[in-house]
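Chain by chain, the residues run as shown.
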Amino acid sequence: MKNRSRILAGLVVVFSIAFCNAQSVGLDPTWNDDGRLTADFSGGAENASTVHALADGKVLVTGSYTAFDTGVFVARYHQTGLLDETFGDQGVLLMDAQGPVGTAILPDGSYLIAAAVVDGDDLDLAIFRLSDAGVPDSGFGQDGRVVVPVSNGDDRVVAMNVQNGSITVLVTTMDEQRCVRLHADGTLDGSFSQDGLSDTGEIPIGALAMAVTPDNAVVLVGYSSQFFALSRLAADGSLDQAFGDEGSVIDLQEFDLGCAARAITLMDNGDLLVAGYVWGGLTGSEDMVVVRYDAQGSRVPTFGVGGVFRRSMNAGHDRASAIGFQSTGSVIVAGDHYANDSGGAQGCWAIRCTPDGVEDPSFGDGEPWSYGAIRFVFDTGSSEVKCAGMAITAQDEVLIAGRSTTGQETDLGIARLHGGPQWTGVPASLGDGPGAFAFPHPFANTTWITCEVESGGPLHMDLYDARGVKVRVWKELPSGPVFTMQLDLAGSGTGLYTLVISSTAKVRTLRLVKL
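Attention in this report is confined to the structure presented alongside it.

1. Here we look at the overall build of the protein
Part 1: Check the secondary structure of the protein and you find one helix and 35 strands.
Part 2: Within the protein, the fraction of its 515 residues that count as buried is 56%.
Part 3: Element-wise, carbon and sulfur atoms account for 50% of the exposed surface of the protein, whose accessible area totals about 20600 Å².

Printed below as a string of structure tokens:
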């Protein structure tokens, strides 16, 4: 019974204590003292592209900069947030290339960096191989660099992935997108579309992110005609006709126009978790969304509601840009948000849900409407913040990199969040000690609320929706030692709610999921 009491205390929040515990959720103060940092390497503007948690606990961040000239930076940090001076020049390597940047960590501890380099009047794809110390690997290509002209115009990197020793890069050209596949030594892989480059016109969507399956198929996600879109190339580079409808999936048509997929990760069973945003016609803003698909491109209906997990972080726009897993299987999604009348993102956020698409209320910043979300900026004076990438450490901490604008300066921003306590679900019985719970949970239309009351006097309850809007109030509810009431939300929409139960002695908060 004592174990159950501990679980209950961690789940059913004593409002001012449990979810405000800085040791379990929120910014991690062991990273640069307050969980975040900004950096200026060039005297100009820095924009992060990728962040990686390395096996030894260090952090590798890449991106591009614009100052008197343009270039690419690669920076490595210790676990404390200090630059690792054994890498590059005092922790930073500045490269003669242009972003965006793709990055891969190889098994031997070396790094692959994909970017664009100037070739005459055009930009060509270039892949660099660096040692653990940030030194170009002379055994890779020419002086540690391989250049691949993908088109007759400018070629820009979208993403890079290494699987089974093969290097796959998604590139945007002047008028289309193509995938490039190389062997580990940097030579083009002739088994992929015969010359290592996917055929012209083979990618039918606007791809924003990429994943490579264990059998070397390439899954691309993005948009098509303002809808969620996925495509899959087979291992030989051809459009995989067995995936979706002749190689592609166009999804989320039930929402208004204005959807896009921006991140993807693969599950152990071959399913796809795809994150992005959808347009909410009633609210006039965008909501973050995660959709789970099976390996053939069909939605998994048991995930969230009909295969979709949708969430509004605030009254404005919320766009997911990264997704990944903790060691427990919990799903972390990160992105940024901005108000409807703002031209730029005003903050970053991270949210956690189960592999079945149920939001985890133990991962939150303590506000009644926060549920399983944490919101932050890279600098207290930031006027514009952008989330570019995310990584999860071996200790389940969450690293988020992006850019931070303060005044006239735009710098690299990195934050580290605690991994948070692991949610085990709402218990089915009260057990020892004071508490409150809902059963069944999650629920379709009705659930029973049970709350232990420490003192006499009536109870007061307030129900909030996912945006923090109070939607229902109960006053002067009769109470005894244990209060029980059936909560009927049959006429309310699906999603997340917060029930705040107040007595003369205590305030409790329940996070509720209506399916």
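2. Here's the deal with the pairing of strand β29 (residues 436-439)
Part 1: Both β29 and strand β30 (residues 446-452) contribute to a ladder of four bridges, which runs antiparallel. Bridging across to β30, A436 finds its partner in C451.
Part 2: In this structure, the hairpin formed by β29 and β30 is closed by a connection of six residues.

3. Things to note about the sheet that holds strand β11 (residues 156-163)
Part 1: Spatially, β11-β12-β13 is the arrangement adopted by the three strands of the open sheet, whose pairing is antiparallel. Each of the sheet's edge strands pairs with one partner strand only, and the pair in question is β11 and β13 (177-182). In this sheet, adjacent strand axes meet at a mean angle of 20° when their direction is disregarded.
Part 2: Examined bridge by bridge, β11 and strand β12 (residues 166-172) share seven bridges and lie antiparallel to one another. Its bridge partner being in β12, V162 is matched across the sheet by I167.

4. Overview of the pattern of salt bridges
Part 1: According to the stated counting rule, one finds 17 salt bridges in the structure shown.
Part 2: Close ionic contact of D28 with R416 constitutes a salt bridge, the shortest N to O distance being 3.1 Å. Residue D28 is located in the loop between β1 (13-14) and β2 (36-39), and its partner R416 is located in strand β28 (residues 409-417); the two are separated by 388 residues in the primary sequence. The pair D28 / R416 is uniform in exposure class, with both members buried.
Part 3: For the salt bridge of D137 with R129, the shortest nitrogen-to-oxygen distance reads 3.1 Å.

5. Quick word on the packing of aromatic side chains
Given two aromatic rings, their pairing is described by the distance between the two centres and the angle made by the two planes.
Part 1: Scanning the model with the defined rule gives four aromatic pairs in all.
Part 2: An angle of 55° between the planes, with centres 6.0 Å apart, marks the rings of W31 and Y77 as tilted. Of this pair, W31 sits in the loop between β1 and β2 while Y77 sits in strand β5 (residues 70-77); the two residues are 46 residues apart in sequence, bridging distant segments of the chain.
Part 3: A residue is classified by how much of its surface remains accessible, and Y77, at 3% relative accessible area, is buried.
Part 4: Above the plane of the ring of Y277 lies R319, whose end atom (NZ or CZ) is 4.1 Å from the centre.

6. Things to note about the sheet that holds β30
Part 1: Pairing is antiparallel across the open sheet formed by three strands, whose spatial order is β29-β30-β33. This sheet does not close on itself; its edge strands, each paired only once, are β29 and β33 (482-488). Neighbouring strand axes in the sheet, compared pairwise and without regard to direction, differ in orientation by 20° on average.
Part 2: Pairing analysis gives seven bridges linking β30 to β33, with the strands arranged antiparallel. The partner of E452 across the bridge, within β33, is V482.

7. As for the environment of D294
Part 1: Position of D294 among the secondary structure elements: in the loop between β20 (285-293) and β21 (308-311).
Part 2: Look at D294 and you get partly exposed, because its relative accessible area is 22%.
Part 3: Between the C-alpha atoms of D294 and G270, which are 24 residues apart in sequence, the distance is 6.8 Å.
Part 4: When residues no more than four places from it in sequence are discounted, the contact partners of D294 are D271, L272 and V300.
Part 5: A polar side-chain atom of D294 sits 2.9 Å from the main-chain amide nitrogen of Q296.

8. Overview of the pairing of strand β23 (residues 331-338)
Part 1: With respect to burial, β23 is a largely interior element, eight of its eight residues being buried.
Part 2: Every second residue of β23 is oriented toward a common face, with V331, V333, G335 and H337 on one face and I332, A334, D336 and Y338 on the other, all of them buried.
Part 3: Where strand β22 (residues 317-325) and β23 come together, eight bridges link them in antiparallel fashion. Paired with G324 across the strands is I332, a residue of β23.
Part 4: Here β22 folds back onto β23 in antiparallel fashion, the turn holding five residues, of which G329 has a positive phi close to 95°.
Part 5: With seven bridges joining them, β23 and strand β24 (residues 347-353) adopt antiparallel strand pairing. Within the sheet, the bridge partner assigned to D336 lies in β24 and is C348.

9. Regarding unusual backbone geometry
Part 1: Following G99, the chain continues into P100 via a peptide bond in cis, with omega recorded as 5°.
Part 2: For P100, the location among the structural elements is in strand β7 (residues 98-105).
Part 3: At Q194, a position not held by glycine, the phi torsion is positive, near 75°.
Part 4: Along the chain, Q194 turns up in the loop between β13 and β14 (206-212).
Part 5: The phi angle at S225 is positive, at roughly 55°, despite the residue not being glycine.
Part 6: Mapped onto the fold, S225 is located in the loop between β15 (218-224) and β16 (227-233).

10. Some points on the nonpolar core
Part 1: Ranked by internal contacts, the top residues of the largest apolar core, which has 20 residues, are F228, L230, L252, I264, L272, V274 and Y293.
Part 2: Among the elements of the structure, β14, β15, β16, β18 (256-266), β19 (272-280) and β20 are those that each provide at least two residues to this core.
Part 3: Non-local contacts of Y293, meaning those with residues more than four positions away in its chain, are made with F228, L230, V249, D251, D271, L272, V274, S298, R299 and V300.
Part 4: Judged by nonpolar contacts, the second largest core, of 19 residues, contains M461, W474, Y497 and L510.

11. Side note on the environment of L123
Part 1: Relative to the helices and strands, L123 resides in strand β9 (residues 122-130).
Part 2: For the pair L123 and A97, spaced 26 residues apart in sequence, the C-alpha separation works out to 9.2 Å.

12. A look at the environment of K470
Part 1: Within the element layout of this structure, K470 appears in strand β32 (residues 470-477).
Part 2: Distance from K470 to L499, taken between C-alpha atoms, is 9.7 Å for residues 29 residues apart in sequence.
Part 3: Apart from the residues lying within four places of it in its own chain, the contact partners of K470 are D462, L463 and Y464.

Parameters at a glance
Residues numbered from 1 in each chain as written. Predicted model: local features only at pLDDT ≥ 70, side-chain atom pairs only at ≥ 80, totals over all residues. Heavy atoms only, no water. Helix = DSSP H or I, 4+ residues; strand = E, 2+ residues; numbered from the N terminus. Buried < 20%, exposed > 50% of the residue type's maximum accessible area, 1.4 Å probe, protein only. Areas by Shrake-Rupley, 256 points an atom, 1.4 Å probe, with all protein chains shown as cover. Pairing = 2+ DSSP bridges. Axes fitted to C-alpha atoms, helices over the stretch in contact; angles between N-to-C directions. Salt bridge = Lys/Arg side-chain N within 4 Å of Asp/Glu carboxyl O. Phe/Tyr/Trp six-rings, centres within 6.5 Å; stacked < 30°, edge-to-face > 60°. Lys NZ or Arg CZ within 6 Å of the ring centre and 35° of its normal. Contact = heavy atoms within 4.5 Å. Polar contact = N/O pair within 3.5 Å; in protein donor to acceptor, adjacent residues only side chain to side chain. Core = buried A, V, L, I, M, F, W, Y, C linked by side-chain atoms within 4.5 Å.

These figures capture arrangement, not role.
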